[in-house]
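A closer look at the structure
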Amino acid sequence: MNKNIVACFSLLILCLMHGANAIKCYQCKSLTDPNCGKNVIDANSNIRQVDCDYVAKPNSMEQFMPVTKCNKVITSDKAGIIISRDCHFQIVGQRDDICSVSHSRDVQSCYTCTGDLCNASSAGRLMAYGMMAILSLVVINIAF
């Protein structure tokens, strides 16, 4: 009986961790910082890290949800391919994997992730989900 309670409590903690606020993200554009355009950001690079609770929301009349994710957006325009990384500003009612851009650019791809500085690459979300799944299986096996 106690093992079932521990398993349920552990899974509840994992679910609550997913919805936490106060996330930190990399913030850059490949137009002004060539390191931003790399597939993976080197931990020693000087790319700006921001606390999304203190970043100004886009100048818009839309209602945005609290920021709990980071993003990496690949867009294109006359200048070519542009990669940007930032806090993910999600509009109320919008799917959580949609990235909006403020300029007349075509969104080629939009990657969102949860976790501090997770937008260093596009592999972070899959790794996080994999780790959560493994941890859940371990907890369930311990409980039973």
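An account of the accompanying structure is given in this report. Keep in mind that this is a model prediction, so the values were computed, not measured.

Definitions and limits used
- Residues numbered from 1 in each chain as written.
- Predicted model: local features only at pLDDT ≥ 70, side-chain atom pairs only at ≥ 80, totals over all residues.
- Heavy atoms only, no water.
- Core = buried A, V, L, I, M, F, W, Y, C linked by side-chain atoms within 4.5 Å.
- Buried < 20%, exposed > 50% of the residue type's maximum accessible area, 1.4 Å probe, protein only.
- Contact = heavy atoms within 4.5 Å.
- Disulfide = S-S within 2.5 Å.
- Helix = DSSP H or I, 4+ residues; strand = E, 2+ residues; numbered from the N terminus.
- Pairing = 2+ DSSP bridges.
- Axes fitted to C-alpha atoms, helices over the stretch in contact; angles between N-to-C directions.
- Phe/Tyr/Trp six-rings, centres within 6.5 Å; stacked < 30°, edge-to-face > 60°.

Observations regarding the nonpolar core
In terms of nonpolar packing, the biggest core is built from 14 residues, with Ile-23, Cys-25, Cys-52, Val-67, Cys-70, Cys-87 and Phe-89 touching the most fellow members. For Cys-87, the contacting residues outside a window of four places in its chain are Cys-25, Val-50, Cys-52, Val-55, Val-67, Lys-69, Cys-70 and Asn-71. Core analysis: the second largest hydrophobic core is formed by 6 residues, Cys-28, Cys-36, Ile-47 and Ala-120 among them.

Quick notes on the state of the cysteines
Under the defined criterion, the tally for this structure stands at 5 disulfides. Disulfide pairing is shown between Cys-28 and Cys-36; the S-S distance is 2.1 Å. Around the S-S axis, the bridge from Cys-28 to Cys-36 shows a dihedral of about 75° and counts as right-handed. Taking the relative accessible area as the measure of exposure, Cys-28 reaches 10% and is therefore buried. Overall, the relative accessible area of 0% leaves Cys-36 in the buried class. Each sulfur in the disulfide pair Cys-52 and Cys-87 lies 2.0 Å from the other. The S-S bond linking Cys-52 to Cys-87 shows a torsion near -90°; that makes this disulfide left-handed. One end of the pair, Cys-52, is in the loop between strand E2 (48–51) and strand E3 (70–77); the other, Cys-87, is in strand E4 (residues 80–87), and 35 residues separate them in sequence. Since its relative accessible area comes to 4%, Cys-52 is described here as buried. Cys-87 gets classed as buried once you look at its relative accessible area, which sits at 2%. Should the bonded cysteines of the protein be numbered as they appear in the sequence, the pairing reads 1-5, 2-3, 4-6, 7-8, 9-10.

A word on the sheet that holds E3
Strand order in the open sheet formed by 5 strands is E2-E1-E4-E3-E5, and the pairing between neighbours is antiparallel. The open sheet is flanked by E2 and strand E5 (106–113), the only strands paired with a single partner. Each strand axis lies, on average, 25° off the axis of its neighbour in the sheet, ignoring direction.

Remarks on unusual backbone geometry
Backbone geometry at Leu-117 places phi at a positive 55°, although glycine is not the residue there. When you line up the elements, Leu-117 lands in the loop between E5 and helix H2 (124–143). On the accessibility criterion, Leu-117 (24% relative accessible area) is partly exposed.

Comments concerning the packing of aromatic side chains
Under the counting rule described, the total for this entry stands at 1 aromatic pair. Note on Phe-64 and Phe-89: the rings are 6.1 Å apart at their centroids and 75° apart in plane angle, and the pair reads as edge-to-face. Of this pair, Phe-64 sits in the loop between E2 and E3 while Phe-89 sits in the loop between E4 and E5; the two residues are 25 residues apart in sequence, bridging distant segments of the chain. The two residues Phe-64 and Phe-89 agree in class, both being buried.

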